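# Results of the structural survey
Each chain is listed here by its residues.
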Amino acid sequence: GAVVSQHPSWVICKSGTSVKIECRSLDFQATTMFWYRQFPKQSLMLMATSNEGSKATYEQGVEKDKFLINHASLTLSTLTVTSAHPEDSSFYICSARSSHTPGLASNEQFFGPGTRLTVL
Amino acid sequence: KQEVTQIPAALSVPEGENLVLNCSFTDSAIYNLQWFRQDPGKGLTSLLLIQSSQREQTSGRLNASLDKSSGRSTLYIAASQPGDSATYLCAADAGSEKLVFGKGTKLTVNP
């Protein structure tokens, strides 16, 4: 199968600090990774799309200087929430897709287990 | 702008019942439509992926259909079990691999 992991699974931090969340594709090379945010009882909202080796593309209304995304390798993308505030508390989920892995549909996304961020 | 709506928002059924979850989307120009399951506080588990050229997909007790012309998809769950209790999300691939999600249907299957 196609497995995506996230670390940490949950994090509590103080307001003003920065938090880094890792997203890894464990058994395939992810040419594209996506970061979503989910508020309680709400749907997932796409924050940004990142392709390996290039800058991320952010959705309208998402501050690129606040949510730093790095996709330095084909198996790892990181999301750093800088100067976190209580309103950034949310469930952050990443997904990954591969365009050249046999057995995987090129347009299917595989999701990580999510990271619960709580900012005090 | 693609919008995805799921009805009902919540559904409670007795064990063993067959049920249908509905998903509608406003822009029929989709690449695919996916159904996911999400347990409380957890990530997403992909259930079924229907490509735009397909009409339906089946996996075990699950069957998903897609009607692009009417902008609808349904997820049929046969012989429901308490373990099926979760929130079910549908998502339309709006192009450029961007998934647009509905708010989900929270399903409770009572023993």
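Every chain is numbered on its own, with residues counted from 1 as its sequence reads. For this description, chains carry letters from A and ligands carry numbers from 1, given in the order in which they are written. Totals for whole chains, interfaces and linings use every residue, but because this is a predicted model, local features are given only for residues with pLDDT of at least 70 and side-chain atom pairs only at 80 or more, for both listing and counting. As a rule here, side-chain values cover all heavy atoms of the structure and leave hydrogens and water aside.

### Some details on the packing of aromatic side chains
Residue and element names in this part refer to chain A. We call Phe, Tyr and Trp rings a pair once their centres come within 6.5 Å, taking the six-membered ring for Trp, and we label the pair stacked below 30 degrees between planes, edge-to-face above 60, and tilted otherwise. In total, this model carries seven aromatic pairs over all chains according to the counting rule given. Measuring from ring centre to ring centre gives 5.5 Å for Y36 and F111, while their planes differ by 40°; the resulting arrangement is tilted. In this pair, Y36 is assigned in strand β4 (residues 32-38) and F111 in strand β10 (residues 110-111), connecting sequence segments 75 residues apart. Take F111: its relative accessible area is 10%, and that puts it in the buried class. Helix and strand definitions here come from DSSP, where helices need a minimum of 4 consecutive H or I residues and strands a minimum of 2 consecutive E residues; each element is numbered from the N-terminal end. Whether a residue is buried, partly exposed or exposed follows from its accessible area with a 1.4 Å probe, protein chains only, as a fraction of its type maximum: under 20%, in between, or over 50%, in that order.

### A short note on the sheet that holds strand β6 (residues 56-59) of chain B
The strands that make up a sheet are held in pairs by hydrogen bonds between backbone atoms, and each pair lies either parallel or antiparallel. Residues and elements named next belong to chain B. The five strands lie next to each other as β1-β3-β8-β7-β6, forming an open sheet whose pairing is antiparallel. Lying at the two open borders of the sheet, with one neighbouring strand each, are β1 (4-7) and β6. When strand polarity is set aside, the average angle formed by the axes of neighbouring strands in this sheet is 15°. Only strands joined by at least two bridges in the DSSP assignment are considered to pair. Each axis is a line fitted through C-alpha atoms, taken for helices only over the stretch in contact, and angles between the N-to-C directions span 0 to 180 degrees.

### Brief notes about the interface of chain B and chain A
Residue contacts are counted whenever heavy atoms from the two residues lie within 4.5 Å of one another. Contact with chain B, which involves 20 residues of that partner, is made by 20 residues of chain A. In this description, buried area is defined as the sum, over both parts, of the accessible area (probe of 1.4 Å) that is lost when the two are combined. Interface area, chain B with chain A, both sides summed: about 1500 Å², of which 50% is carbon and sulfur. Think of a salt bridge as a Lys or Arg side-chain nitrogen and an Asp or Glu carboxyl oxygen that are within 4 Å of each other. The salt bridge involving K98 of chain B is made with E59 of chain A; its shortest N-O contact spans 3.0 Å. Within 3.5 Å is the distance limit for a polar contact, defined as a pair of N or O atoms, with the added protein rule that one can donate a hydrogen and the other accept it, and that residues adjacent in sequence qualify only through two side-chain atoms. The interface formed by chain B and chain A includes five residue pairs in polar contact (both at pLDDT 80 or more).

### Observations concerning a nonpolar patch on the surface
Among the surface-exposed residues, W10, I12 and L120 of chain A lie close enough to one another that they form a single nonpolar patch of about 380 Å² accessible area. Positionally, I12 of chain A belongs in strand β2 (residues 10-13). For patch detection, residues must exceed 30% relative accessible area and be free of salt bridges, and they are connected within 9 Å for like charges or within 5 Å for nonpolar side chains (Val, Leu, Ile, Met, Phe, Trp, Tyr). Note on areas: Shrake-Rupley, 1.4 Å probe, and residue coverage restricted to the protein chains presented here.

### Some thoughts on the sheet that holds strand β1 (residues 4-7) of chain A
Residues and elements named next belong to chain A. Overall, antiparallel pairing links the four strands, which are arranged β1-β3-β8-β7 in an open sheet. Two strands in the sheet have a free side with no partner beyond their single neighbour: β1 and β7 (67-73). Taken pair by pair, the neighbouring strands of this sheet meet at an average axis angle of 15°, ignoring direction. Sheet topology places β1 next to strand β3 (residues 19-25); four bridges connect them, and they run antiparallel. Each residue of the ladder has a partner; that of S5, found in β3, is R24.

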